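This is what each chain is made of:
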Amino acid sequence: MGNSLKAILAFVPSTKCQKYLLEDLEEMPVDKMVDLSGRQMRRLPVHICSFRELVKLYLSDNNLNHLPPELEQLQNLQILALDFNNFKALPLVVCTLKQLCILYLGNNKLCSLPLELRLLQNLKTLWIESNCLQYLPEVVCELSLLKTLHAGSNALRALPPQLQGLQELRTIWLSGNLLSEFPPVLLDMPFLEVIDVDRNSIQFFPSLAHLPGLKLVIYDHNPCRNAPKVAKGVRRVGRWSEETPEPRKRSGAVIAITLDEKPLLPPATKPEPE
């Protein structure tokens, strides 16, 4: 009953109702963090926007599809979690929060990202997994400090060549997409440390041995005919990885060898800025 009541009160703009949702949160928390996850909210209580020194705001697992313009007042915000909501478009007010380092947009209904996202030049971590993206928005390639990109569980068939310009990028998660070939642009990104292309439709892997920064490549659950070649010390997760030999050809046929090890997944907990 409590959650149902909160879901109803989220529509009511009166001060008393808003304070009920905030559980009497009237002053800036000492840790400069507000977590309103899982409240079934359909609107963000505007009172939150008065906490101008706020650094972390978690709004995950609600029913939000828009944000108030007053959110622009939170110019010290570094972490914003909007995952598991009902956003069909990213509210442009988010793009005014120029100190953001980490932005979680996963598990929404996004088909694109606005060009204004380029204003977030301090962004280091972007999670856009489990949306409706058929292509990686090129504006992502303008986030020059980006270190981690999680774009898994969309409908991506390719990556833009401009991605090569993200020289700070170290980790890219692309599992559960529609890639039919290993993205060529990743071959020109020697600074990558983790590449995850698990659960796609890649039939052949080029050599990755020339990527000096690579530490881990996850390529399991692809209809591939070979394992990607990697430099010494690089871990592979997939068929014919270091745990099992690559298949030997006999009379032109390839002997399939299965691997019981489950592929690694992106971290379950949300990281904080370095």
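Owing to the predicted nature of the structure, the values given are computational and were not obtained by experimental measurement. (Residues numbered from 1 in each chain as written. Predicted model: local features only at pLDDT ≥ 70, side-chain atom pairs only at ≥ 80, totals over all residues. Heavy atoms only, no water.)

Chemist: Account for the packing of aromatic side chains, with residues named and values stated.
Modeler: Under the criterion given, the structure shown has three aromatic pairs. Ring centres of Y104 and W127 lie 5.3 Å apart, and the angle between their planes is 80 degrees; on these two criteria the pair is classed as edge-to-face. Placement of Y104 in strand 4 (residues 102-104) and of W127 in strand 5 (residues 125-127) is noted, with a sequence separation of 23 residues between them. When sorted by exposure, Y104 lands in the same class as W127, which is buried. Grouping aromatic residues by their ring pairs yields a cluster made of F182, F205 and Y219. (Phe/Tyr/Trp six-rings, centres within 6.5 Å; stacked < 30°, edge-to-face > 60°. Helix = DSSP H or I, 4+ residues; strand = E, 2+ residues; numbered from the N terminus. Buried < 20%, exposed > 50% of the residue type's maximum accessible area, 1.4 Å probe, protein only.)

Chemist: Residue-level account of the confidence of the model for the protein chain, with values.
Modeler: Overall, the predicted model of the protein chain reaches an average pLDDT of 86, with 79% of residues at or above 70. For the stretch residues 243-265, pLDDT sits under 50, and the model shows 40 contacts to residues farther than four places along the chain or on other chains. (pLDDT = per-residue confidence, 0-100. Contact = heavy atoms within 4.5 Å.)

Chemist: Please set out the sheet that holds strand 9 (residues 216-218) residue by residue, giving values where relevant.
Modeler: Read from one edge of the open sheet, ten strands run 1-2-3-4-5-6-7-8-9-10, paired in parallel fashion. Sheet topology places strand 1 (33-35) and strand 10 (235-237) at the edges, where each strand pairs with a single neighbour. Within the sheet, the average angular offset between the axes of one strand and its neighbour, ignoring direction, is 5 degrees. (Pairing = 2+ DSSP bridges. Axes fitted to C-alpha atoms, helices over the stretch in contact; angles between N-to-C directions.)

Chemist: Describe the side chain of N226, naming the residues involved and giving the relevant values.
Modeler: Looking at the element boundaries, N226 is found in the loop between strand 9 and strand 10. Assessed through its relative accessible area of 15%, N226 is described here as buried. Within the local environment of N226, its side chain forms a polar contact with the backbone oxygen of F205, the two atoms lying 2.8 Å apart. In this structure, N226 is in contact with Q203, F204, F205 and W240, ignoring residues within four places of it in sequence. (Polar contact = N/O pair within 3.5 Å; in protein donor to acceptor, adjacent residues only side chain to side chain.)

Chemist: Quick one: what's the story with the side chain of N108, residue by residue and with numbers?
Modeler: When you line up the elements, N108 lands in the loop between strand 4 and strand 5. At 3.0 Å, the side chain of N108 and the backbone oxygen of L105 are in polar contact. Sequence-distant contacts of N108, that is, excluding residues within four places in its chain, are made with L82, D83, F84, N85, N86, F87, S130 and N131.

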